[in-house]
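# Secondary and tertiary structure notes
Single-letter residue listing:
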Amino acid sequence: LWDAVTGASRASYVAHNHLDEPIAALSVAFASDGTRLLAGYKNAIRAWDVSRPGRDCDVYRTLEPKRRVRGEGGGERVGQAGLVSCIATAPAKTNGLFAAGSYGEPGVGVYHEPTGEQALVLSGGHRQRGGVTHLAWSPCGNYLYTGARRDGEILCWDVRNPDVGCVYRMRRAAEDT
């Protein structure tokens, strides 16, 4: 964390893998109240309390491990798969939600900030090509806009009615991006 005025380093928040090696975040965002730092990784989001720098953090799994039933083959994995490429926190009036975009399927998940519990997944039969790379909430917090590389559309989702799917599509030029 860098001081915006002096440019000096104020704190470091470092994630480590199962071999105790530092790993780089793919995306970062502050929680809506500014007290936590959220970072995206492969199949996980990590959250640090900004007042406690270091390696201690909460790990929110975006994809549950396969559950095996005795006598049957491997089970299905549930949740949002892939590299978490972008994170956007919702306006304060939504009571602590954040969205995470990924390169896997489904491309967008919405989570509760305090617990990291997945509230909903946005798919509704619509899919963005190339992986979700940008998210933006509407000021009212009811709509989430998603953009993907190599996709000629920005999609608008009503998070109050996730089963409806995409409610609006905006065209854009994206052949070479």
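Residues numbered from 1 in each chain as written. Predicted model: local features only at pLDDT ≥ 70, side-chain atom pairs only at ≥ 80, totals over all residues. Heavy atoms only, no water.

### Quick notes on the environment of N142
Tracing the sequence through the fold places N142 in the loop between β11 (132-137) and β12 (143-148). Measuring from C-alpha to C-alpha, the distance between N142 and W157 comes to 8.3 Å, with 15 residues separating the pair along the chain. With near-sequence residues (within four places) excluded, N142 lies in contact with W157, D158, V159 and R160. (Helix = DSSP H or I, 4+ residues; strand = E, 2+ residues; numbered from the N terminus. Contact = heavy atoms within 4.5 Å.)

### Describing the environment of A119
Among the structural elements, A119 can be located in strand β10 (residues 118-122). Its relative accessible area of 37% is what places A119 among the partly exposed residues. For the pair formed by A119 and A99, sequence separation is 20 residues and the distance between their alpha carbons is 9.7 Å. In this structure, A119 is in contact with V110, Y111 and H112, ignoring residues within four places of it in sequence. (Buried < 20%, exposed > 50% of the residue type's maximum accessible area, 1.4 Å probe, protein only.)

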